[in-house]
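# Coordinate analysis (summary)
In case you want the letters, here they are:
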Amino acid sequence: MKSDLPSATVERLPRYLRCIERLPESQLTISSRELARLSNLTAAGVRRDISYLGTFGIRGVGYQVTELNDQIRHALGLTADRPVAVVGIGNLGSALANYTGFGNRGFRIVGLYDAAPTKIGTCLGGVEVRDISRLPDDARTTHISVGIIATPAGAAQQVATMLVEAGVRSILNFAPTLLRVPDDIHLRQVDLATELQILGYYMT
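A brief report on the enclosed structure follows. Positions within a chain are numbered from 1, following the residues in the order the chain's sequence is written. Residues qualify for local features only when their pLDDT is at least 70, as the model is predicted, and side-chain atom pairs are given and counted only at 80 or more; totals for whole chains, interfaces and linings, by contrast, use all residues. Working from all heavy atoms in the structure, the side-chain values ignore hydrogens and water.

## A few points about a nonpolar patch on the surface
Nonpolar side chains (Val, Leu, Ile, Met, Phe, Trp, Tyr) within 5 Å and like charges within 9 Å form the patches, drawn only from residues with over 30% relative accessible area and no salt bridge. The accessible surface values rely on the Shrake-Rupley method and a 1.4 Å probe; as for residues, cover is taken only from the protein chains in view. We define a salt bridge as a side-chain nitrogen of Lys or Arg found within 4 Å of a carboxyl oxygen belonging to Asp or Glu. A cluster of nonpolar side chains, contributed by Leu196, Leu199 and Met203, occupies part of the molecular surface with about 370 Å² of accessible area. Following the sequence through the fold, Leu196 ends up in helix α8 (residues 192-203). Numbering of helices and strands runs from the N terminus, with a helix taken as a DSSP run of H or I at least four residues long and a strand as a DSSP run of E at least two residues long.

Written out as structure tokens, the structure is:
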């Protein structure tokens, strides 16, 4: 099913999930119109996206909240336990390490890595920061599936190459630089400076 989902639909599914999880426990159903209003999208678009999951609402009733929640989580792969490593324990990396919201999304931080001796051996979120040289072996033994890069730009490519060579297939990059990875690696780029610059365009 996942290979059949349009990329735009995949990017909207987390938005639907966030809206659903904020509903009161007493609410058992939700209409496409209400979900569209909560997610700031159109009802037709919501119905189209959800139809890819094989779920169809009942006219006049809507979607069963529990069923829709389960199907979106399944489509996004959130029902599995996915070990995560954070590389670069500066301000951003430390914040990610201490964030408690990954667990209920199916992601578990199992490794924190840095090259600075002053950070190695410290503990964040119950996980010890280890020397970056330990990453390749750790990635294989703990089966790390996602690598989060929060290093300075100059170190990001080397870290990405290290992750790929260690068998990590998915990378989330916060470093302000474009990375080169093989075509079969899933790479997502989060560039906060670029996003602010785009906002700046609309503010002028």
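Now, onward.
## Re the packing of helix α1 (residues 7-21) against helix α4 (residues 65-75)
Helix axes are fitted to C-alpha atoms over the stretch in contact, other axes to C-alpha atoms as well, and angles between N-to-C directions run from 0 to 180 degrees. For the pair α1 and α4, interaxial distance at closest approach is 10 Å and the crossing angle is 145°. Here the hand of the crossing between α1 and α4 comes out left-handed. Seen from α1, the contacting residues are Leu13, Tyr16, Leu17, Ile20 and Glu21; seen from α4, they are Val65, Leu68, Asn69, Ile72, Arg73 and Ala75. By residue class, the composition of the contact of α1 with α4 is eight nonpolar, one polar and two charged. Here is the rule for handedness: rotate from the far helix to the near one, and if that takes an anticlockwise turn smaller than a right angle the crossing is left-handed, while a clockwise turn gives right-handed. Here, two residues are considered to be in contact whenever any of their heavy atoms come within 4.5 Å of each other. Under the scheme applied, nonpolar residues are Ala, Val, Leu, Ile, Met, Phe, Trp, Tyr, Cys and Pro; charged residues are Asp, Glu, Lys and Arg; polar residues are all the others, including Gly.

## Re the nonpolar core
By size, the foremost hydrophobic cluster in this structure holds 20 residues, and its most contacted members are Tyr113, Leu135, Ile144, Ile149, Leu163 and Ile171. Within the residue set of this core, elements represented by two or more residues are β3 (82-87), α6 (135-141) and α7 (153-165). The element contributing the most residues to this core is α7, with six residues. Not counting residues up to four positions away in its chain, the partners in contact with Ile149 are Val87, Ala156, Val159, Ala160, Leu163, Ile171, Leu172, Asn173, Phe174, Ala175 and Leu179. Side-chain atoms within 4.5 Å link the members of a nonpolar core, which is a set of buried Ala, Val, Leu, Ile, Met, Phe, Trp, Tyr and Cys residues. Buried, partly exposed and exposed residues are distinguished by accessible area as a fraction of the type maximum, computed with a 1.4 Å probe on protein chains only: under 20%, between the cut-offs, and over 50%, respectively.

## Points about the packing of helix α2 (residues 32-39) against helix α3 (residues 43-51)
Their axes nearest at 8 Å, the elements α2 and α3 cross at an angle of 105°. Considering their axes alone, α2 and α3 lie roughly perpendicular with respect to each other. Seen from α2, the contacting residues are Ser32, Arg33, Leu35, Ala36 and Ser39; seen from α3, they are Ala43, Val46, Arg47 and Ile50. Just so you know how the angles are binned, under 35 degrees is roughly parallel, over 145 roughly antiparallel, 65 to 115 roughly perpendicular, and the rest oblique.

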